[in-house]
Amino acid sequence: MAQAGIDVALLVDVLSVFIIAAGVGVFVAKVGRFPYTIALLLAGVAASVAGVGLEIDLSHDLILLVLLPPLLFEGAATTDLERLRRNLVPILTLAVVGLLVSVLALGFVGQYAFGFDLLVALLFAAMILPTDPVSVLALFEELGAPDRLAVLVEGESLGTDGVGVVLFTALLARVSAGDGGHGAGGPELFSLAGAGDLGLNIAVTAGGGALVGAVGGYLVYRVMTRLDEHMTEVILTIILAYGVFLVSEHYVEVLLGTHFSGVIATVVAGLLIGNRGASFAMSPRTKLSVFNTWETGAFIVNTFIFVMIGVTTPVGILVDNWRLIVAAIVLVLAARALVVYPLTALVNRFNEPMVPLAYQHVMVWGGLHASIPIALVLGLGSGSGLAPELRTTLRAMVFGVAGFSLVVQGLTISNLLNALDIVTRSDDEELYELLVGRARAVDAGLEATEELYDSGEIPEEVYDGFTAEYGREKSDLSDAIAELLQENPELRREQLMTGERQVLQREKAAVSDAIRRGVVSDDAGDSLLEEIDLKLDYVRDGRSTVEKRAEGFEEFWRRRAREFGLENVETTPRGPDDGTAGAEAAGGREGADTDPEP
């Protein structure tokens with residue numbers, strides 16, 4: 001029999017990884033609330049200690065090019081863009097200013113604590129200090145962390161990753177130009193010209209990545225608006241996630257001689273598709289297919305990467321370098337605290353809403369370090385200019401800090417949340433999500449039943465049975481959701497504001513489309529868009545324009561129509577929430593009297 005061109009041993013190793021993962025999954029299901037990703041890591045370490053050898057090379061390229069894009073895309077696609085926008089100031093402050101300050105602080109202290117040259121100490125700091133989005137996203141999702149806290153930590157982790165890789169690349173280039181990493185070329189980094197060059201490099205890399213992600217995401221979004229084939233749309237999102245990453249990291253370098261941030265490109269593309277794409281370009285069936293596919297893909301990739309981190313952890317080398325590892329753990333935590341507390345306090349003075357002190361504690365302890373630092377240290381080959389012994393030491397330190405952050409910090413974050421009285425996802429929220437999820441499934445079932453009946457694939461009797469059953473369940477679900485929201489005013493308020501924002505965004509898209517098609521003139525369209533933007537501002541400030549019995553916002557078109565002589569246009573009653581919203585929209589634009597008409 002001819003030998004197939006497939007590495008059977010590799011397939012066996014991959015299968016072994018998932019056998020370990022299946023065992024961990026059974027264990028976690030039996031013991032209850034235990035972070036799945038951390039259990040995978042511990043199982044991998046145990047397999048390594050037991051001598052289980054896997055010939056899979058967990059390389060720099062495998063992590064960055066194969067495993068990272070789907071995790072980033074899925075995390076970004078499920079992030080609420082509006083929540084991210086509201087917290088953009090603290091996120092960017094910590095991701096850019098905070099990371100630069102902490103790298104400098106750890107680098108200067110580390111040269112004495114680790115016995116490294118300053119340039120090598122800075123290189124280690126740039127590797128280890130970016131908080132890892134892969135680890136943070138996985139853990140916070142499992143813990144059900146509060147939405148705002150999750151957005152702060154996840155948003156910062158996504159930002160620090162892009163900035164950290166740029167810093168690492170710049171420092172590594174200077175190390176490579178020196179003598180074994182002993183600092184040749186180092187002084188230029190600390191000159192005004194060197195700092196300016198580094199800042200420009202970060203801006204170009206990050207901005208270019210954002211541009212590639214936005215362009216790629218918009219192109220795929222436009223195709224999806226004209227398509228209603230859920231499997232094809234899933235393929236389009238896969239092409240998008242990997243495509244913008246590869247274009248930014250590799251093809252831009254061929255064309256322009258520099259590279260953009262693939263991480264930022266993938267995140268921007270994911271945000272666009274997960275928010276605007278989900279709202280305006282996906283049918284309910286497509287949403288279900290796309291998000292289920294990415295959730296499953298992220299789960300599989302997370303499973304693989306955490307087992308492999310455990311299996312490839314150099315246990316013997318960790319033991320030999322335990323003193324350096326302990327020093328690194330302490331200094332990494334100190335460097336993180338050094339920037340989180342003062343920078344957040346500064347931001348709180350000028351930005352609303354404030355970041356509570358309890359959240360700051362979690363942000364310090366919850367800054368996990370794993371996949372990205374490990375990928376960077378694995379990329380330190382012979383061409384890096386570092387001596388082999390130094391590369392081995394850096395690898396031990398990175399794996400040691402990563403292991404501590406994942407196991408010790410990861411296992412104790414839930415205890416910290418409880419100690420600080422930070423409420424994770426409540427039982428009411430979990431029930432609401434369950435009911436809404438099932439309601440969407442019922443709607444999809446009704447839609448599928450309708451399609452099957454119209455195409456003649458099911459008889460009328462079967463169709464009537466399906467629609468009757470699904471109709472009863474839909475009615476029961478609606479009653480249950482209404483009762484739950486009535487008993488939980490805060491939950492109802494949150495869902496009201498979220499729904500209102502989505503509806504207003506749909507309104508804005510409809511008006512913009514009408515302007516493009518020439519149905520509405522530019523002047524009239526601009527007036528309508530300006531009013532919708534005003535409503536969105538109200539919603540962002542936590543004020544609803546919708547009341548229980550009538551809309552609590554009088555649009556300017558009502559007054560214009562009455563002035564024109566149309567008699568059947570009623571004045572919208574003012575809501576108790578503000579009482580001035582409609583008048584601001586009308587009077588602010590037209591200079592009208594703001595007193596309500598009788």
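Residues numbered from 1 in each chain as written. Predicted model: local features only at pLDDT ≥ 70, side-chain atom pairs only at ≥ 80, totals over all residues. Heavy atoms only, no water.

Considering the environment of H361
The residue H361 is located in helix α15 (residues 357-365) in this model. By relative accessible area, which is 27% here, H361 ends up partly exposed. When the C-alpha atoms of H361 and Y341 are compared, they prove to be 8.4 Å apart, with 20 residues separating the residues in sequence. When near neighbours in sequence (up to four residues on either side) are disregarded, H361 contacts Y341, L416 and L420. (Helix = DSSP H or I, 4+ residues; strand = E, 2+ residues; numbered from the N terminus. Buried < 20%, exposed > 50% of the residue type's maximum accessible area, 1.4 Å probe, protein only. Contact = heavy atoms within 4.5 Å.)

Observations regarding the packing of aromatic side chains
Here the structure, examined in full by the defined rule, presents six aromatic pairs. Judged by centre distance (4.7 Å) and plane angle (40°), the ring pair of F73 and W294 falls under tilted. In this pair, F73 sits in helix α3 (residues 60-77) while W294 sits in helix α12 (residues 284-311), placing the two residues 221 residues apart along the sequence. Judged by its relative accessible area of 1%, F73 falls in the buried class. Arranged with centres 5.5 Å apart and planes meeting at 80°, the rings of F114 and F124 form a pair that is edge-to-face. On the criterion of sequence distance, the pair formed by F114 in the loop between α5 (88-113) and α6 (118-128) and F124 in helix α6 is long-range, its members being 10 residues apart. With respect to class, F114 is no different from F124; both count as buried. An aromatic cluster of three or more residues is present, and its members are F114, F116 and F124. (Phe/Tyr/Trp six-rings, centres within 6.5 Å; stacked < 30°, edge-to-face > 60°.)

Some points on the side chain of E156
Inspection of the secondary structure puts E156 in helix α8 (residues 147-176). Among the residues examined, E156 registers a relative accessible area of 2% and is labelled buried. Apart from the residues lying within four places of it in its own chain, the contact partners of E156 are I91, L94, A95, T131, V151, R336 and M363.

Remarks on the packing of helix α18 (residues 427-454) against helix α19 (residues 460-487)
Packing of α18 against α19 brings their axes to within 9 Å, and their N-to-C directions diverge by 160°. Considering the angle they form, α18 stands roughly antiparallel to α19. Both α18 and α19 take part in a crossing whose hand is left-handed. Across the contact of α18 with α19, the residue classes break down as 16 nonpolar, four polar and seven charged. (Axes fitted to C-alpha atoms, helices over the stretch in contact; angles between N-to-C directions. Parallel < 35°, antiparallel > 145°, perpendicular 65-115°, else oblique. Left-handed = near helix turned anticlockwise from the far one by under 90°. Nonpolar A, V, L, I, M, F, W, Y, C, P; charged D, E, K, R; others polar.)

Digging into the packing of α3 against helix α10 (residues 230-256)
Close contact between α3 and α10 brings their axes to 10 Å; oriented N to C, the two are set at 125°. In this view, α3 runs oblique relative to α10, as classed from their interaxial angle. When the axes of α3 and α10 are compared, the crossing they make is right-handed. The residues of α10 that touch α3, namely those facing L64, L65, V66, P69, P70 and F73, are T237, L240, A241, Y242, F245, L246 and H250. Residues that form the contact of α3 with α10 fall into these classes: 11 nonpolar, two polar and no charged.

Considerations on unusual backbone geometry
Between E352 and P353 the backbone carries a cis peptide bond, its omega angle lying at -5°. Take P353: it is sitting in the loop between α14 (322-350) and α15.

What about the environment of Q409?
By the secondary structure assignment, Q409 is in helix α17 (residues 388-419). By relative accessible area, Q409 is classed as buried at 2%. Sequence separation between Q409 and G367 is 42 residues, and the spatial gap between their C-alpha atoms is 8.5 Å.

Things to note about the pattern of salt bridges
All chains considered together, the criterion is met by five salt bridges. Linking E451 and R285 is a salt bridge whose minimum nitrogen-to-oxygen distance equals 3.7 Å. Taken together, the residues E451 in helix α18 and R285 in helix α12 connect sequence positions 166 residues apart. For R285, a relative accessible area of 42% translates into the label partly exposed. For the salt bridge of R472 with E469, the shortest nitrogen-to-oxygen distance reads 3.0 Å. Of this pair, R472 and E469 both sit in helix α19, separated by three residues, roughly a single helical turn. (Salt bridge = Lys/Arg side-chain N within 4 Å of Asp/Glu carboxyl O.)

Some words on the confidence of the model for the chain
Across the chain, the average pLDDT comes to 81, with 84% of residues at or above 70. When mean pLDDT is compared element by element in the chain, α14 scores highest at 95, while helix α23 (residues 581-590) scores lowest at 40. This model gives residues 179-187 a pLDDT under 50, and the stretch forms 17 contacts once residues within four places in sequence are excluded. Scored below 50 in pLDDT, residues 574-598 makes 45 contacts in the model with residues more than four places away or belonging to other chains. (pLDDT = per-residue confidence, 0-100.)

Here's the deal with a nonpolar patch on the surface
On the surface, a cluster of nonpolar side chains totalling about 450 Å² of accessible area is made up of L88, L92, V96, V97, V101 and L338. It is α5 that contributes the most residues to the nonpolar patch, five residues altogether. Since its relative accessible area comes to 32%, V96 is described here as partly exposed. (Patch = residues over 30% accessible without salt bridge, like charges linked within 9 Å, V, L, I, M, F, W, Y side chains within 5 Å. Areas by Shrake-Rupley, 256 points an atom, 1.4 Å probe, with all protein chains shown as cover.)

Details of empty space enclosed by the protein
The tally for this structure, following the rule as stated, stands at five cavities of 30 Å³ or more. Counted as a void, the largest cavity has a volume near 80 Å³. As for the largest cavity, its lining consists of L94, G98, L99, S102, L129, T131, E156, T160, A335, R336, V339 and H369. If you tally residues by element for the lining of the largest cavity, the top one is α5, at four residues. Across the lining of the largest cavity, the residue classes break down as five nonpolar, five polar and two charged. Reported here for the second largest cavity is a volume of approximately 60 Å³. (1 Å grid on protein atoms, 1.4 Å probe; cavity = no way out; pocket = protein on both sides within 12 Å on 5 of 7 lines; lining within 4 Å. Points joined across faces, edges and corners; volume = space filled by probe spheres on them.)

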